[in-house]
Amino acid sequence: MQKMSAEDGNRYQHHHHHSDTEVLANDKVPHSGPLSGPLNKRAGRKSARFNVPDSTSSKDDGYVEITLDVRDDSVAVHSVKAANGADLQEDPELSLLAKGLEKRSTVGASMVRNASAKIRQVGHELKRLTSFSKKPARFDRTKSAAAHALKGLKFITKTDAGHGWAAVEKRFDEITASNNGALPRARFGECIGMESKEFAGQLFDALARKRNIEGDAINKAHLKEFWDQISNQSFDARLQTFFEMVDKDADGRITEEEVREIISLSASANKLSNIQKQAEEYAALIMEELDPDHLGYIMINNLEMLLLQAPNQSVRGESRNLSQMLSQKLKPTYDSNPVTRFFRDTKYFLQDNWQRVWVMALWIGVMCGLFTYKYIEYRRREDVFKVMGHCVCFAKGAAETLKLNMALILLPVCRNTITWLRNKTKLGAAVPFDDNLNFHKVIAVAISIGVGIHAISHLACDFPRLLHATPDEYKPMIKYFGNQPESYWHFVKHPEGVTGIVMVVLMAIAFTLAAPCFRRGRLDLPKPLKKLTGFNAFWYSHHLFVIVYTLLIVHGIKLFLTQKWYKKTTWMYLAVPVTLYLCERLTRLLRSSIKPVTIQKVAVYPGNVLALHMSRPNGFRYKSGQYMFVNCAAVSPFEWHPFSITSAPGDDYLSVHIRTLGDWTRQLRTVFSEVCQQPTNGKSGMLRADYNPDFPRVLIDGPYGAPAQDYKKYEVVLLVGLGIGATPMISIVKDIVNNIRAREEEESALENGNGVGVNKTSPPNSKRKESFKTRRAYFYWVTREQGSFDWFKGIMNEVAEMDHNHVIELHNYCTSVYEEGDARSALIAMLQSLNHAKNGVDVVSGTRVKSHFAKPNWRNVYKQIAVNHNNTRVGVFYCGAPALTKELGQLASDFSHKTSTKFDFHKENF
């Protein structure tokens, strides 16, 4: 028997490789070449070629059944039959194959024994080869299904063979510099740029196994071979690599145990702990689907069939054309004329921010007016100006703006007032109430600038000039400052100096601890200074304002240069805002104590999320998207923290979902966890408890207005929640379903006549229709952890069941999973499709809503909505980390300017 050299074998395989185009052009799936597995090392002088009949043949004529008689010392072809059981006529190629097999068996008893296992493989290989020809029409790779699959099964992120290999080679040289040019298996993933080390190790084993490489290290030549295979763009090559990776014993078959192992590996690589725990159950599901004959194994064609299944959704021709037109419109344009470009950008800016612009312009204008008024007033006071010059003008001008800003800074945090104005008036159309906290911060910056100008002008200019003035120059100042002082101490010990210095120190503390790096605990300070970071430090330091405002009033009364009471205007600026704010705090105190709540249910979910279900106080009316403050005396009697309400207005209870992110939330979770138990009866959550008298006492204050509550003004809404930011969106989704169901019941009752079934105590239909305009909602929830989906599993299932008209489009994204089509998530995607088709449950989220992998392409999300809703105003509501705010806002602006669909972007900010 003649052996083929490695070079000949490579040439042989290359010659008989068929591309996707060739397969389709011939309308059949030919096979030729050596058999896979260990038998590839040997090839007979003759080889059989199996061709698929044309489409006119019956389905049973597509392949033949060859029975081999395998004994310890011989192998014989028992029979060759068609699939329908009929004996085949003499065929030259089949005769050659049979004789070749029998000839191999007579070489020698010892050789046969060694080769018996390999020859058994012939039967499986023949079956595998002929099974490709059973239903060739099913694998039409010209269609979108193949395009989707070809895009996938990537083993690396970048498959550019040029630049990709250069980077890999560079990393190889760095890693092996001290290792004699040998790359260890443990660092293979690092070298090729694959994050999952465990998955990279299994890929290494598969590639090494195919090349009979022993040991746990490879050289650069082997690495180049590995790289060429995993960066191969051919779907067949990728599929074969994936198959070999799963087929650990290289017998050309995948057993249930191997499926279980690869499911566990894929789940581990994608941080899907729930799937990892159920790997055995899911392996049985895959075998049940792909091995209906209970052979105990599956072949490569079974994987291909699963990967090339057609997508569920198709794009109509009209929508596709619209999409292409939008793509052309949204291409970045560069205007060479700077004047034209400036006017265009200015126009777009004003269109997007006109509410903010007029408020800021008014505020800055008033400040400039007050500064100018005071500057001119002291410029005309010749006795004062002669000694202190322009310094006193600057100091008094800045002081006037400080009075205004110290009054205004309280208004944006008067939440009850803002909520009332938002709900009961039309001012929301012109006043950007959503930016209340941003305006609060901007005013704080203006205060710090004003304090700087005022203090520097006095301390570095006014006081030194008074100290160094001649007796004649100082004489007019005696009525204001007394006898000419000899040191700074004279000014400092005066009430004006003491109050001014103390106020500056207290405001510096409050401003510093309110900075994001301190408030969010991002600074890595020594342990004794850790208490200076976090929300608690911010909360308590902000209450220093009580002392600051008291000192400010004293400071404004004990003025050096102003004697008449009606010119001491500080208290006039502060009277109304301080009174309003005191009423706000008093209202909060009384409302929380008058409206007690009872904790009805507690659940602690994965991801350190605490869900509290509590009784709804009488008269507590709220809108979806709003939030309330929560206080727990067992943790801290003085701290109140805001949380979005996750229940819907139609529910008879209130609920909040609280993620453990700081000291207060961590302690709150601890005190409730102590009275919780492990869940039973398949309920979700790590710990659960129904009503228990030992629950700590909880107070609530609210509800308060938020941007998301305005969703009812839009016919189409896009709801985006990042992690725990899904909380206000969940309430909105539930409310939309409740409103749609109520409207359908009313319309059905009216159709039946006499309003039968209509709730007589409900608001009039016209009022409902006027206040609720939403007809379509898109909800995107993006989270890192699989366990996060447990937070709202019941709600998601409820919405999926109730939304019969598909008004709400739900999209769950798990970013810990590699993008759809990546080899590391390929088996997860297969499993997801099988389980959802059979049981209607997604394996990632555990809900009826099928999850997506990796991050959404937000541009495509906006584009699809623009295609589906021409000439429509869409409300975009986002709650989550600030990182995504800029991207979503910019996309809303771009699509609004360049398409007929207008997107209004709103971000939750409380």
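Residues numbered from 1 in each chain as written. Predicted model: local features only at pLDDT ≥ 70, side-chain atom pairs only at ≥ 80, totals over all residues. Heavy atoms only, no water.

Per an unreviewed UniProt entry, the protein chain carries the name Respiratory burst oxidase homolog protein C-like and comes from Herrania umbratica.

**Q** Just checking my understanding: could you explain the UniProt feature "transmembrane region" (unreviewed entry) in the protein chain for this structure?
**A** Under the feature "transmembrane region" (unreviewed entry), the UniProt entry names residues 357-376, 497-518 and 538-557. In the segment residues 357-376, helix accounts for 100% and strand for 0%; the C-alpha atoms at its two ends are 28 Å apart. Across residues 497-518, the secondary structure splits into 91% helix and 0% strand, with the terminal C-alpha atoms separated by 30 Å. (UniProt positions renumbered as here; feature names shortened; annotations may be inferred. Helix = DSSP H or I, 4+ residues; strand = E, 2+ residues; numbered from the N terminus.)

**Q** In this structure, what is going on with the packing of helix α8 (residues 197-210) against helix α11 (residues 256-269)? I would like to understand it.
**A** Two quantities define a packed helix pair, namely the angle between the axes and the distance from one axis to the other. Two numbers describe how α8 lies on α11: the axes approach to 8 Å, and their chain directions differ by 140°. Compared by their axis directions, α8 and α11 come out oblique. Each of Glu198, Phe199 and Gln202 in α8 lies in contact with α11, whose residues at this interface are Leu265, Ser266, Ser268 and Ala269. Classifying every residue of the contact of α8 with α11 by side-chain character gives three nonpolar, three polar and one charged. (Axes fitted to C-alpha atoms, helices over the stretch in contact; angles between N-to-C directions. Parallel < 35°, antiparallel > 145°, perpendicular 65-115°, else oblique. Contact = heavy atoms within 4.5 Å. Nonpolar A, V, L, I, M, F, W, Y, C, P; charged D, E, K, R; others polar.)

**Q** In this structure, what is going on with empty space enclosed by the protein? I would like to understand it.
**A** Any empty space left between the atoms is revealed when a probe the size of a water molecule rolls over them. Counted under the stated rule, the structure contains four cavities of 30 Å³ or more. Empty space within the largest cavity amounts to approximately 100 Å³. Around the largest cavity, the lining comprises 14 residues; the ones closest to its centre are Arg422, Asn436, Tyr627, Gly705 and Ala706. Here the element with the most residues in the lining of the largest cavity is helix α19 (residues 415-424); it accounts for four residues. Within the lining of the largest cavity, the residues separate by chemical class into seven nonpolar, four polar and three charged. (1 Å grid on protein atoms, 1.4 Å probe; cavity = no way out; pocket = protein on both sides within 12 Å on 5 of 7 lines; lining within 4 Å. Points joined across faces, edges and corners; volume = space filled by probe spheres on them.)

**Q** So what exactly am I meant to see when it comes to the packing of aromatic side chains here?
**A** Between two aromatic rings, the relevant description is the distance of the centres plus the angle of the planes. The final tally for this structure, using the stated rule, is 26 aromatic pairs. Geometrically, the ring pair formed by Phe371 and Tyr375 is stacked, given 6.3 Å between the ring centres and 25° between the ring planes. Of this pair, Phe371 and Tyr375 both sit in helix α16 (residues 338-379), separated by four residues, roughly a single helical turn. Judged by centre distance (5.4 Å) and plane angle (55°), the ring pair of Trp781 and Phe792 falls under tilted. (Phe/Tyr/Trp six-rings, centres within 6.5 Å; stacked < 30°, edge-to-face > 60°.)

**Q** Where do I start with the packing of helix α20 (residues 436-467) against helix α24 (residues 495-513) in this structure?
**A** Running from amino to carboxyl end, α20 crosses α24 at an angle of 145°, the nearest separation of the two axes being 12 Å. Of the two possible hands of crossing, α20 and α24 adopt the one that is left-handed. Contact residues: α20 offers Ala444, Ile447, Ser448 and Val451, while α24 offers Val504, Met507 and Phe511. In the contact of α20 with α24, the residues fall into six nonpolar, one polar and no charged. (Left-handed = near helix turned anticlockwise from the far one by under 90°.)

**Q** In this structure, what is going on with the pattern of salt bridges? I would like to understand it.
**A** Any two side chains of opposite charge can pair, given that their charged atoms come close. Enumeration according to the criterion identifies 21 salt bridges in this entry. Put simply, Lys220 and Glu169 hold a salt bridge, and the shortest N to O gap is 3.4 Å. You can see Lys220 sitting in helix α9 (residues 220-230) and its partner Glu169 sitting in helix α6 (residues 161-175), a full 51 residues away along the chain. When its relative accessible area of 28% is taken as the criterion, Lys220 is described as partly exposed. Residue class for Glu169 comes out partly exposed when judged on its relative accessible area of 27%. Across the pair Lys403 and Glu400 runs a salt bridge whose closest N-O atoms are separated by 3.3 Å. Linking Lys403 with Glu400, this pair stays in helix α18 (residues 390-408), spanning three residues, or about one helical turn. Taken together, the shared-partner salt bridges in this structure form one network comprising Arg422, Asp434, Asp710 and Lys713. (Salt bridge = Lys/Arg side-chain N within 4 Å of Asp/Glu carboxyl O. Buried < 20%, exposed > 50% of the residue type's maximum accessible area, 1.4 Å probe, protein only.)

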